[in-house]
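# Structural features, examined
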Amino acid sequence: MNTTRFEYLLALERTGTMTGVAKAYFISPSAVSQCLKNEEAQLGHPLFRSENHRMVPTEAGQIYLNGARKILEIREATMDRLNIIPQKHHSIRLAVAPMLYEKTASVIIPELNALLPGADFELMRAASMVSAAYLLNDLADFALLCSQPLNHTLLSEDILGQDQLLLIVPKAYLRRQLTGPPTIEDCGPLPFILLKNGSYTRGIENEILAKHHISLNRIYEVDDHIMARNFLEEGRGATFLPSSMIPSHAEQHFFILPLHPPKPFHFILAYPNYKKPDKDKRDVPGIIKKAWGKIDFDFYDKFHKSIPSQSPPG
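Residues numbered from 1 in each chain as written. Predicted model: local features only at pLDDT ≥ 70, side-chain atom pairs only at ≥ 80, totals over all residues. Heavy atoms only, no water.

## Notes on the confidence of the model for the chain
Rule in force here: Note: pLDDT gives the predictor's confidence per residue, expressed from 0 to 100. In this description, contact between two residues means that some pair of their heavy atoms is separated by no more than 4.5 Å.
When pLDDT is averaged across the chain, the result is 85; 90% of the residues are at 70 or more. Every residue in residues 85-89 is under pLDDT 50, and counting partners more than four places away or in other chains gives six contacts. Counted against residues more than four places away or in other chains, residues 301-314, with its pLDDT under 50, gives 27 contacts.

Take a look at the structure:
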């Protein structure tokens, strides 16, 4: 049952603006506007009107929204009843940031399989912002993110740990130009390996480069930090990497520059809070948080003390 349009228009009632709905569901305001137009055209009645810069339901809109709420309640009740039926292969979808994908597959999934033997787990590799969109559009049940807390009203977020970005520069690019330790400004002439626009850390990368007045001459855009590290090892340029992705012997070939102020980000387990989870999904957050403590993160030694413990709180 496709009930997305009901969710969008109920959100429009709550937020009062197209942009509010768009932000909540990671879609464009024009998509919300088109959804409203389609429903009004199909029903032959205006559902919302503009009043004091807010979208307010009309009388027909109130009737529509009351019906939408009942439909969503019936859907949830139906799904709850269906979940009573034993399902040998019940798929639980977990979206995972690329830098956490390997550790999730090797540590967390075995724990989930052992403790929830009746469930199937589907891993989806996706950037953190994309993973959040998956959660809000019912394309994933849980997500492991690498970002600042989203503070989204429709999502629960458990902070699992913390990391920080560092600037990594191949020594071969700067060795002959330096009389002392390098600075970020010294990297101005270099090619840079950056994550694609729209990713969480690309915004941080742009901010740092602008702050240090670095005008980029050549950019390699990559999908994730794993690709950035591969390009770095091939000698294509400088890049920003999380501390946990820098090997302890990296100083042999690279300058490793801290950022001032530091640019921390979190490892976050996120999941929807706007619907009741079924029995298996209810146990997943606790299992993931316990399994997280078994993951061995090899933070770059020089900055290890500045990174909080990776064990989940409590």
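Moving on, there is more to tell.
## Observations regarding the side chain of Thr 104
Threshold: Counting from the N terminus, the helices are DSSP H or I runs at least four residues long and the strands are E runs at least two residues long. Any residue under 20% of the maximum accessible area for its type is buried, any over 50% is exposed, and the rest in between are partly exposed; the area is computed with a 1.4 Å probe on protein chains only. Side-chain atoms alone can form a polar contact between residues adjacent in sequence; in general such a contact is a pair of N or O atoms within 3.5 Å, and within protein one must be able to donate a hydrogen while the other accepts it.
Examined against the element boundaries, Thr 104 turns out to sit in helix α5 (residues 98-115). Classification of Thr 104 by relative accessible area gives buried; the value is 0%. Among the polar contacts made by the side chain of Thr 104, one reaches the main-chain carbonyl oxygen of Leu 100 at a distance of 2.7 Å. Residues in contact with Thr 104, not counting those within four places in the same chain, are Leu 94, Val 96, Ile 109, Pro 110, Leu 123 and Leu 144.

## Points about the pattern of salt bridges
Threshold: The salt bridge criterion pairs a side-chain nitrogen of Lys or Arg with a carboxyl oxygen of Asp or Glu, the two atoms within 4 Å.
In this structure the tally under the stated criterion is 13 salt bridges. Among the salt bridges present, the one from Arg 5 reaches Glu 39, with a minimum N-O distance of 3.4 Å. Of this pair, Arg 5 sits in helix α1 (residues 4-15) while Glu 39 sits in helix α3 (residues 29-43), and the two are 34 residues apart along the sequence. Its relative accessible area of 32% is what places Arg 5 among the partly exposed residues. Relative accessible area serves as the criterion here: at 8%, Glu 39 is assigned to the buried category. Between Arg 236 and Glu 234 there is a salt bridge, with its nearest N and O atoms 2.8 Å apart. Owing to a relative accessible area of 30%, Arg 236 belongs among the partly exposed residues under this scheme. One salt-bridge network, held together by shared partners, links Arg 93, Asp 138, Asp 141 and Lys 281.

## A closer look at the packing of α1 against helix α2 (residues 18-25)
So the rule is basically this: Fitting a line to C-alpha atoms yields each axis, with helices limited to the stretch in contact; the angle taken between N-to-C directions then spans 0 to 180 degrees. Relative orientations are named as follows: roughly parallel for angles under 35 degrees, roughly antiparallel for angles over 145 degrees, roughly perpendicular for angles from 65 to 115 degrees, and oblique for any other angle. Each helix crossing is assigned a hand: it is left-handed if the near helix lies turned anticlockwise from the far helix by less than a right angle, otherwise right-handed if that turn is clockwise. Each residue is assigned to one of three groups, with Ala, Val, Leu, Ile, Met, Phe, Trp, Tyr, Cys and Pro labelled nonpolar, Asp, Glu, Lys and Arg labelled charged, and all others, Gly among them, labelled polar.
Contact pair α1 / α2: the axes reach a minimum separation of 8 Å and the direction vectors enclose 125 degrees. Taken as axis vectors, α1 and α2 run oblique relative to one another. The crossing of α1 and α2 is right-handed. Residues Glu 7, Tyr 8, Ala 11, Leu 12, Arg 14 and Thr 15 of α1 form the contact with α2, whose participating residues are Met 18, Gly 20, Val 21 and Tyr 25. Partitioning the contact of α1 with α2 into residue classes produces six nonpolar, two polar and two charged.

## Describing the nonpolar core
Spelled out, the test is: Think of a nonpolar core as a cluster: buried Ala, Val, Leu, Ile, Met, Phe, Trp, Tyr and Cys residues, connected wherever their side-chain atoms sit within 4.5 Å.
Membership of the largest hydrophobic core comes to 48 residues, with the highest contact counts inside it found for Leu 100, Leu 144, Leu 167, Val 169, Phe 192, Phe 267 and Trp 292. For this core, the element with the most residues is α5, which contributes six residues. Excluding residues within four positions of it along the chain, Leu 167 makes contact with Ile 184, Cys 187, Phe 192, Ala 238, Thr 239, Phe 240, Phe 255, Ile 256, Leu 257 and Leu 259. Leu 12, Val 32, Leu 36 and Met 55 belong to the second largest nonpolar core, which has 32 residues in total.

## Section: the packing of aromatic side chains
Definition in use: Stacked, edge-to-face and tilted labels apply to pairs of Phe, Tyr and Trp rings (six-membered ring for Trp) whose centres lie within 6.5 Å, assigned for plane angles under 30 degrees, over 60, and everything in between, in that order.
Overall, the coordinates contain six aromatic pairs when judged by the stated rule. With a centroid separation of 6.0 Å and an interplanar angle of 85 degrees, the aromatic rings of Phe 265 and Phe 267 are classed as edge-to-face. The exposure class assigned to Phe 265 is buried, which follows from its relative accessible area of 1%. In this structure Phe 267 comes out as buried when scored by relative accessible area, which is 0%.

## Topic: the pairing of strand β1 (residues 48-51)
For a regular strand, the rule is simple: side chains alternate between the two faces of the sheet. Keep this limit in mind: DSSP bridges decide pairing: two strands pair if at least two such bridges lie between them.
Two strands pair when backbone bridges link them, and β1 and strand β2 (residues 54-57) are joined in this way by four bridges, in the antiparallel orientation. Bridging across to β2, Glu 51 finds its partner in Arg 54.

## What about helix α8 (residues 200-211)?
As a reminder, the rule being used: Multiplying 1.5 Å by the helix residue count minus one yields the expected span of that helix.
Compared with the 16 Å implied by 1.5 Å per residue over twelve residues, the 18 Å span of α8 between its first and last C-alpha is a close match. If you check which residues of α8 are buried, you get Tyr 200, Thr 201, Arg 202, Ile 204, Glu 205, Ile 208 and Leu 209.

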